[in-house]
Every structure is written in C-alpha cells, then in structure tokens.
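So you can see what is in the structure, the chains are spelled out below.
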Amino acid sequence: MTNEIRTVLIKLSGEALARDGEKYSTQVLESIASQISKLLEKNLKIALVCGGGNLFRGRDLVDSHLAISRATADYIGMLATLQNALVLRDDFESKGIPTRVLSAISVPQLCEPYIPNRGKRHMEKGRVVIFAAGLGVPFFTTDTTAVERSLEIGADLLVLAKHGVNGLYTADPKHDPSAEKIHQTSCTEILEKNFKVADGSAIALAKDNNLPMKIVAVEDIENILDENTGSYVEPH
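Residues numbered from 1 in each chain as written. Predicted model: local features only at pLDDT ≥ 70, side-chain atom pairs only at ≥ 80, totals over all residues. Heavy atoms only, no water.

Undergrad: An account of the packing of helix H1 (residues 26-41) against helix H3 (residues 70-94) is requested, with residue identities and associated values reported.
TA: Remark: H1 packs on H3, axes separated minimally by 10 Å, with the N-to-C direction vectors making an angle of 65°. By crossing handedness, the relation of H1 to H3 is classed as right-handed. Seen from H1, the contacting residues are Leu29, Ile32, Ala33 and Ile36; seen from H3, they are Val87, Leu88, Asp91 and Phe92. Across the contact of H1 with H3, the residue classes tally to 7 nonpolar, no polar and 1 charged. (Axes fitted to C-alpha atoms, helices over the stretch in contact; angles between N-to-C directions. Helix = DSSP H or I, 4+ residues; strand = E, 2+ residues; numbered from the N terminus. Left-handed = near helix turned anticlockwise from the far one by under 90°. Contact = heavy atoms within 4.5 Å. Nonpolar A, V, L, I, M, F, W, Y, C, P; charged D, E, K, R; others polar.)

Listed below in structure tokens is the structure:
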C-alpha cells in the first residue's frame, strides 16, 4: 500500500480539537501539526477536512425551541468548519507548514474559494490544503464532503482520524469491553452491519467510486502508511 499512496485527505472530527472544556487544545494542535509535517517529509500531498462539532452542531439548533430551519442550521455548521479551518491554517503556518484554506462558501477576506484545480496546484507545491464549509449546500455532512473532495483531487486514500478510538470495532470499546478491533473490512460490510464509521451516504459514495479508507486515532495520523495502524476499509 505504501508505494501506491501519494495523495491523502484526512478527515478530522471537530471534537478532536477540543480537550478539557476548551474549544481548542494547544497540545492537540501541536500534535496534529507535528504529524502533518512528518507526512509532508515523506513527500505525501496532504489535504484536510475538519468537522465543526467542537463549536456547533446544527441538529442541536433544530431541536431547540428556536424557529430555525434545518438548512439554516446546516449553513451555520459550515461556518463552524470554516472557523476550525482558519485556526488550523494559522497554527500550521506558525510552525512552518505552508497551508491554504479553500472554502465552498465565498469569504474572500479570509480565504480562497473552492476550486478543485487550485487545490491540486497548492498540493503540488507542497502546501497543505484545508477544505472548509462542507459542500456549500445543506443536508450533507463533512463525512460526505471528505469523500467528495477526495474524489475531486484524486486522493489515493481517505483517512478518518477519530478521537478516542484507534480503528473500527465491533462495538463501542469505551462502553463494551468485549468489543473487538476489525483490522480490515469493506464498505459493503460497514453498510450491511451498520458500523458507526461515517454516515451511510459517504460510505456508499466511497464504495461506488473505488475510494479506499483508513480509520485511525488522531494520535496515529503520522502512521497512516503502517499496515498495522488502524483499520483499513476496502472500497467494495
């Protein structure tokens, strides 16, 4: 697998950035930047998609007493992902990692608009690219965004970097001590057994377009090329 991987998109959950009640953990940001730097040293082209769960979840607003539509809530959630992207960009840049943010929602004062070929050119020049604001339309998750962007930039691997779990398990290992780690599976098995890896539409899109995935802990991002790290998901 190592020789075939050249372009990687990493999907970070927003919660992965938070610790101990803080929206952003200095220690976590330091770890992520260090790991990204090590991947760049291996001549990998790196892109990121980050969720916004540390700041805002649209469903919480929809379920509240406020008269907020699902579409509006989703747009607000997109802005949360943009905020996280800007935080990551400035943190990476401060550590010497050239980084660009491309947003599906136009915010010219803050970042560049999302243009697939522009993202590819940045990556060819050794820059990390962070795709923000989801797909720019409501009713789609950042999981689906990660798959969609992976396909558009021609990524060889989509990495789902999780907080608190180092791969795919038969059950939640935090609540079920008998849960067993699944080292290798397929999109079909995930859908059939309803494993909580990502939303079903994202998994189906990856399957239909032959995109392999890997599920790892946030702490193991630098080891994504190691066959013994995480869980590998074959695209069939």
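Undergrad: Could you give an account of the pairing of strand S10 (residues 213-217), with specific residues and numbers?
TA: For S10, the buried fraction is high: 5 of the 5 residues fall into the buried class. Of the two faces of S10, the one holding Met213, Ile215 and Ala217 and the one holding Lys214 and Val216 are both buried throughout. Pairing geometry for strand S6 (residues 157-162) and S10, over 5 bridges, is parallel. Following the sheet pairing, Lys162 is matched in S10 by Ala217. Strand direction decides the pairing type here: S10 and strand S11 (residues 231-234), joined by 3 bridges, are antiparallel. Considered in S11, the bridge of Met213 is made with Val233. (Buried < 20%, exposed > 50% of the residue type's maximum accessible area, 1.4 Å probe, protein only. Pairing = 2+ DSSP bridges.)

What is shown is where atoms sit, not what they do.
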